[in-house]
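Next come the chains, spelled out residue by residue.
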Amino acid sequence: MTDRSISGASHAARKTRHDVTCFRSRATFSAVRRGSSPGCGPANEPPKPSSLPDTATSASPKPPSPSSRPSTGRDAASEPIRRRVICHRRGEAPGPTLLCIASLHGNEPAGTLALERVDAALRAAEVEIERGELVFLIGNLGALAAGKRYLDRDLNRGWSREAIARIRALGPRVSEDLEMLELDDKIEECQQTARGPLLFLDLHTTSAASPPFASVVDQSEARRLSRSLPVPTVLGMDSHLDGTLLEELDAHDFCGIIFEGGQHDEPEAVDHDEAAVWLLLQQLDFLPATPPAAVSRRIAWAHATLSAAAGSLPRLLEIEYRHAIDASCGFHMEPGFRSFEEVEPGQLLGRDRDGEVRSPFAARVLMPLYQAQGDDGFFLVREVD
Ligand SMILES: [Zn+2]
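What counts and what doesn't
- Residues numbered from 1 in each chain as written.
- Predicted model: local features only at pLDDT ≥ 70, side-chain atom pairs only at ≥ 80, totals over all residues.
- Heavy atoms only, no water.
- Phe/Tyr/Trp six-rings, centres within 6.5 Å; stacked < 30°, edge-to-face > 60°.
- Helix = DSSP H or I, 4+ residues; strand = E, 2+ residues; numbered from the N terminus.
- Buried < 20%, exposed > 50% of the residue type's maximum accessible area, 1.4 Å probe, protein only.
- Contact = heavy atoms within 4.5 Å.
- Pairing = 2+ DSSP bridges.
- Axes fitted to C-alpha atoms, helices over the stretch in contact; angles between N-to-C directions.
- pLDDT = per-residue confidence, 0-100.
- Salt bridge = Lys/Arg side-chain N within 4 Å of Asp/Glu carboxyl O.

A. How the structure looks around the packing of aromatic side chains. For the coordinates displayed, the defined rule picks out 3 aromatic pairs. An angle of 45° between the planes, with centres 5.9 Å apart, marks the rings of tyrosine 321 and phenylalanine 378 as tilted. Remark: phenylalanine 378 occurs in strand 16 (residues 376–383) and tyrosine 321 occurs in strand 10 (residues 316–324); sequence separation between them is 57 residues. In terms of burial, tyrosine 321 and phenylalanine 378 fall into one category: buried. Note on phenylalanine 331 and phenylalanine 378: the rings are 6.1 Å apart at their centroids and 40° apart in plane angle, and the pair reads as tilted. Remark: phenylalanine 378 occurs in strand 16 and phenylalanine 331 occurs in the loop between strand 10 and strand 11 (332–333); sequence separation between them is 47 residues. For phenylalanine 331, a relative accessible area of 10% corresponds to the buried category. Under the relative-accessibility criterion, phenylalanine 378 is labelled buried at 0%. An aromatic cluster is built from Tyr321, Phe331 and Phe378, whose rings are joined through pairwise contacts.

Structural data, given as structure tokens:
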């Protein structure tokens, strides 16, 4: 492993937290900063065989594999049975490892569909990666089959070395414990076999309408990667959320991008996620210098698709405020907001058991919550000068 410019030890130091006073019609309060993930349905394509066998292992005893559980939310007969590893490619030359993870939230199928598309296109064009390793993983197999954000707990929460050690010692107790162990095994394997920088792409979608955007920690390597995608980049998510997969990956020296492709079940979200993958493959020199025409066309399509979707939005923004909620809040977002929509100071954004929730300042709203599960009511972002 060489050229790791990002240190996992730096993560804690990066976290800076500030109490934010939110303007309400009745009272002010200090926002509670507790974690969840950036926001993010069904899949109909047949499962693709992996290039390499899925070598994930986990503690024993363990509950049934998530992939073997029946769908609980939809017609199980119509749902394909998927495996954790969509593909694991290894180039002859050393180079970066790119770990792409989709559907960490099970109601976000777009990322899985996008990874399956890219894998199928590479196979159809008979393209092998030139260097490094390329790994496509599904995050929450059980929740994806059920079409739910999660079955027992949010899989984008509770990541820590201590938590994983505890689950390994006691055995997985709920569905997401097993998902977590299998993912952790694969992440560990990628770290051990890496012959270059460790990079990741975490694919999500949101409950609200949204143009595609990237979210990164404010580090040079992550910023460099995000600049290869012609979409807005949002900084600061890591300062507002605890226990995300991002922290786990950081602990394993991975650096990368959380990519939000759009609204959960919109076909465009699959396009956006797929486009992001193609552009990163190109940026990281995984593809041949002169790829087959079908691949070249896909890359041109990817750039045009993301550029058109992002339009004239600012290219760099930072999270200034997170409206944390829990089930007891009774929070409901006012209808009709979409990500990056500009809001005025005092503008009504939602309601909860205490009354109206208004914007504390002029900003753009990000990921307004329009689904039952989740503990981020909305974020407010501002352009970085
Ligand atoms: Zn998500």
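Picking up after the structure, the text goes on.
B. Geometry of the environment of glycine 350. Relative to the helices and strands, glycine 350 is located in strand 13 (residues 348–352). When the C-alpha positions of glycine 350 and histidine 332 are compared, they lie 5.5 Å apart, and in sequence the two are 18 residues distant. With residues near it in sequence (within four places) discarded, glycine 350 still touches Phe331, His332, Met333, Glu334, Gly355, Glu356 and Val357.

C. Spotlight on the sheet that holds strand 5 (residues 131–138). The sheet built from 11 strands is open, its strands ordered 3-5-4-6-9-7-8-10-16-15-12 with mixed pairing. Strands at the two margins of the open sheet, each flanked by one partner only, are strand 3 (85–90) and strand 12 (341–343). Neighbour-to-neighbour, the strand axes of the sheet open up by a mean angle of 30°, direction not taken into account. One ladder, built from 5 bridges, connects strand 3 with strand 5; its direction is antiparallel. Its bridge partner being in strand 5, cysteine 87 is matched across the sheet by phenylalanine 136. The strands touched by helix 2 (residues 110–124) within the sheet are strand 3, strand 4 (93–102), strand 5 and strand 6 (198–206), with strand 3 carrying the most contacts at an inclination of about 45°. On the sheet, helix 6 (residues 220–227) packs against strand 6, strand 7 (213–216), strand 8 (233–235), strand 9 (255–263) and strand 10 and is oriented at approximately 40° with respect to strand 9.

D. Quick look at the confidence of the model for the protein chain. Taken over all residues, the pLDDT of the protein chain has a mean of 82, while the share at 70 or more is 79%. Counted against residues more than four places away or in other chains, residues 1–74, with its pLDDT under 50, gives 236 contacts.

E. Spatial organisation of the pattern of salt bridges. One pass over the full model with this rule turns up 25 salt bridges. Of the charged contacts, one joins glutamate 248 and arginine 161 as a salt bridge, the two residues approaching to 2.3 Å between their closest N and O atoms. Of this pair, glutamate 248 sits in helix 8 (residues 245–251) while arginine 161 sits in helix 4 (residues 161–170); the two residues are 87 residues apart in sequence, bridging distant segments of the chain. Take glutamate 248: its relative accessible area is 1%, and that puts it in the buried class. Residue arginine 161 is classed as partly exposed on the basis of its relative accessible area of 36%. Residues joined by salt bridges that share partners form a network here, namely Arg161, Arg168, Asp184, Asp185 and Glu248.

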